[in-house]
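# Structure at a glance
In case you want the letters, here they are:
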Amino acid sequence: MTRAMHTPALLLLNDSPRLPLIAALAVRFAATVTQWERRRRGRVNLSRLDDRLLKDVGLTRFEADREARRQFWLG
């Protein structure tokens, strides 16, 4: 199970060949929580866009509301 990690420090830790198991799990946990927070913020921001801005990004109000209601752990 590979997760995309964007933080340079997390990438460096994840690529370490001799990372102890507990450290590897901690890095994966931190990456997962970071991804969840990014999704949550994105969905909150999406819910705040007006119809004009939604049209600019190619979404309807219904689609934006449906996405904004999704749980943060769902991709």
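For the structure, see preceding data.
Here's a quick rundown of the structure.

Reading the values: the criteria
Residues numbered from 1 in each chain as written. Predicted model: local features only at pLDDT ≥ 70, side-chain atom pairs only at ≥ 80, totals over all residues. Heavy atoms only, no water. Helix = DSSP H or I, 4+ residues; strand = E, 2+ residues; numbered from the N terminus. Buried < 20%, exposed > 50% of the residue type's maximum accessible area, 1.4 Å probe, protein only. Contact = heavy atoms within 4.5 Å. Areas by Shrake-Rupley, 256 points an atom, 1.4 Å probe, with all protein chains shown as cover. Salt bridge = Lys/Arg side-chain N within 4 Å of Asp/Glu carboxyl O.

A tally of helices and strands in the protein chain yields 4 helices and 0 strands. Walking the protein chain from its N terminus toward its C terminus, one meets helices and strands in the order α-α-α-α. Classification of the 75 residues of the protein chain by burial places 13% in the buried group. A fraction of 46% describes how many contacts in the protein chain between residues 6 or more apart in sequence connect residues 24 or more apart. Accessible surface, the protein chain: about 6000 Å² in total, of which carbon and sulfur atoms supply 61%.

Attention shifts here to the pattern of salt bridges. The tally for this structure, following the rule as stated, stands at 6 salt bridges. For the salt bridge of Asp51 with Arg61, the shortest nitrogen-to-oxygen distance reads 3.1 Å. With a gap of 10 residues between them, Asp51 in helix α3 (residues 51–56) and Arg61 in helix α4 (residues 61–69) connect regions that are remote in the sequence. Take Asp51: its relative accessible area is 52%, and that puts it in the exposed class.

Take the environment of Arg48 next. The residue Arg48 is located in helix α2 (residues 21–48) in this model. Sequence separation between Arg48 and Ala68 is 20 residues; the distance between their C-alpha atoms is 9.4 Å.

Before going further, it helps to spend a moment on the environment of Ser47. Relative to the helices and strands, Ser47 resides in helix α2. In this structure, the C-alpha to C-alpha distance between Ser47 and Glu67, residues 20 residues apart in sequence, is 8.4 Å. Apart from residues lying up to four places away in sequence, Ser47 is in contact with Arg61 and Ala68.

Structurally, the position occupied by Leu59 is in the loop between α3 and α4. Placed 13 residues apart in sequence, Leu59 and Leu46 show a C-alpha to C-alpha distance of 10.0 Å. Sequence-distant contacts of Leu59, defined by excluding residues within four places in its chain, comprise Leu46 and Leu54.

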